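Residue-level listing of the chains:
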Amino acid sequence: MTQLNNDPACLDELFRQHRQGSSRGLEEFTKQLCDVNASIEVLVTNLSLLRQCVHHIDKDYEYLVKCLLKVCWAGRDDNLSTAYKSFILHLVSAHSYFVQLVLARMVTKFLPQCEAANSSELALQEEIYRDVHSLLHGIIKMVPMAPSILIKHVTTCYPHKSKATHVHLCYVQNVLHLTLYLPNLRAKILELIIGKLVQIDAMVTRNDILHSKQEAACEDITEGIFEMEPVNERKFHLSCSGL
């Protein structure tokens, strides 16, 4: 395993070796980044090193960036979140080529990790959304072309109309949240959401509507049957005493 001893010069050397044809060291470093069992401390250290060596990461290292975009960083730890966002902001500032990749990946995080979740999972999901929007906001302030790229990916990644209601709800909430720091895109975002809702509505059949009405009617009847008038104790007593 490659040991960099928290020294950017060591990572600089790995990039130099890679350009000269010796890729082993950088490949081992990349494996560390992709390791799902890597500790938060190791991830924070490696992200800090990469941020200091971001000038090396051009188009030739797209595979490295794709690996980094798969790292589970949001909603885990404040130090990891800070280190990750700092690296990404330095990356897109130095190499606008990667803005497309980064924004596409961030938009996919608008979708819930699972279609049904308990309260603890929902709380974690909210933390993930918070971190993702924080990073997106930073990118948008730094990269002028980011909004137009973002709306394209928001449209492309919109969940299919057959997906569960929970999935659509999470996605729409996140897309609407974009309007808080992208007010100029509010009209386009609302137009997109309304258009998708119309598609979902068109998919609902007459039988679905009748079934829903029947269920509602049955609930009303059931409630009516089991609702009893409060007993007037005085009248009940008099009635019984006359027996």
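Predicted, not measured: the structure shown is a model, and the values here were computed from it. (Residues numbered from 1 in each chain as written. Predicted model: local features only at pLDDT ≥ 70, side-chain atom pairs only at ≥ 80, totals over all residues. Heavy atoms only, no water.)

## Some thoughts on the overall build of the protein
Keep this limit in mind: Working definition: helices are DSSP H or I runs of at least four residues, strands are E runs of at least two. Numbering for both runs from the N terminus. Accessibility here uses a 1.4 Å probe with only protein chains present; expressed as a share of the type maximum, an area under 20% marks a residue as buried, one over 50% as exposed, and anything in between as partly exposed. Accessible areas in this description were obtained via Shrake-Rupley with a 1.4 Å probe; residue shielding takes into account the shown protein chains only.
Of regular secondary structure, the protein possesses twelve helices and zero strands. Ordered by position from the N terminus, the helices and strands of the protein form the series α-α-α-α-α-α-α-α-α-α-α-α. For the protein, the residues scored as buried account for 36% of the 243 residues in total. Split by element, the accessible area of the protein, about 14900 Å² in all, is 55% carbon and sulfur.

## Overview of the pattern of salt bridges
Put simply, the rule is: We define a salt bridge as a contact between a side-chain nitrogen of Lys or Arg and a carboxyl oxygen of Asp or Glu at a distance within 4 Å.
Taken as a whole and assessed by the stated rule, the structure comprises six salt bridges. Its salt-bridge partner being R19, residue D60 comes within 3.9 Å of it at the nearest N-O pair. Highlighted residues: D60 in the loop between α3 (40–52) and α4 (62–69) and R19 in helix α1 (residues 8–19), separated in sequence by 41 residues. Classification of D60 as exposed rests on a relative accessible area of 52%. Under the relative-accessibility criterion, R19 is labelled partly exposed at 44%. One salt bridge connects R130 with D131, and the closest N-O pair in it is separated by 3.4 Å. On the basis of relative accessible area, R130 is assigned to the partly exposed category, the value being 48%. We classify D131 as buried; its relative accessible area is 6%. Among the ionic contacts, a cluster of salt bridges with common partners joins R19, D58 and D60.

## What about the layout of surface pockets?
Stated precisely, the cut-off is as follows: For cavity detection a 1 Å grid was placed over the protein atoms alone, and a set of points counts as a cavity when a 1.4 Å probe fits there but cannot get out; an open set counts as a pocket when protein lies on both sides within 12 Å along at least five of seven lines, with lining residues being those that have an atom within 4 Å of a point. Grid points are joined across faces, edges and corners, and a volume is the space filled by probe spheres set on the points. Three classes are used: nonpolar for Ala, Val, Leu, Ile, Met, Phe, Trp, Tyr, Cys and Pro, charged for Asp, Glu, Lys and Arg, and polar for all others, with Gly counted as polar.
Approximately 220 Å³ is the volume found for the largest pocket. As for the largest pocket, its lining consists of 13 residues, and the residues nearest its centre are C72, R105, K109, Q113 and I128. The set of elements that each furnish at least two residues to the lining of the largest pocket consists of α6 (99–108) and α7 (119–142). Here the lining of the largest pocket is composed, by residue class, of six nonpolar, four polar and three charged.

## Some thoughts on the packing of α3 against helix α5 (residues 78–94)
Which entries qualify depends on this criterion: Think of each axis as a best-fit line through the C-alpha atoms, taken over the contacting stretch in the case of a helix, with angles from 0 to 180 degrees between the N-to-C directions. Here is the rule for angles: anything less than 35 degrees is roughly parallel, anything more than 145 is roughly antiparallel, 65 through 115 is roughly perpendicular, and the remaining ranges are oblique. In this scheme the crossing of two helices becomes right-handed for a clockwise turn of the near helix relative to the far one and left-handed for an anticlockwise turn of less than a right angle. Any two residues whose heavy atoms approach within 4.5 Å are treated as being in contact.
Relative orientation of the contacting elements α3 and α5 amounts to 20°, with a least axis distance of 9 Å. When the axes of α3 and α5 are compared, the pair comes out roughly parallel. Handedness of the α3/α5 crossing: left-handed. Contact residues: I40, L43, V44, L47, L50 and R51 in α3; N79, L80, A83, Y84, S86, F87 and H90 in α5. Each residue belonging to the contact of α3 with α5 can be placed in one class, and the counts come to nine nonpolar, three polar and one charged.

## A look at the packing of aromatic side chains
Applicable threshold: Centre distance within 6.5 Å is the pairing criterion for rings of Phe, Tyr and Trp, where only the six-membered ring of Trp is used; planes under 30 degrees apart are then read as stacked, over 60 as edge-to-face, and the remainder as tilted.
All told, the structure shown has six aromatic pairs when counted by the stated rule. With a centroid separation of 6.0 Å and an interplanar angle of 70°, the aromatic rings of F110 and Y171 are classed as edge-to-face. With a gap of 61 residues between them, F110 in the loop between α6 and α7 and Y171 in helix α9 (residues 165–181) connect regions that are remote in the sequence. For the pair F110 and Y171, one class covers both residues: buried. Members of the aromatic cluster, connected to one another through ring pairs, are F15, Y61 and Y63.

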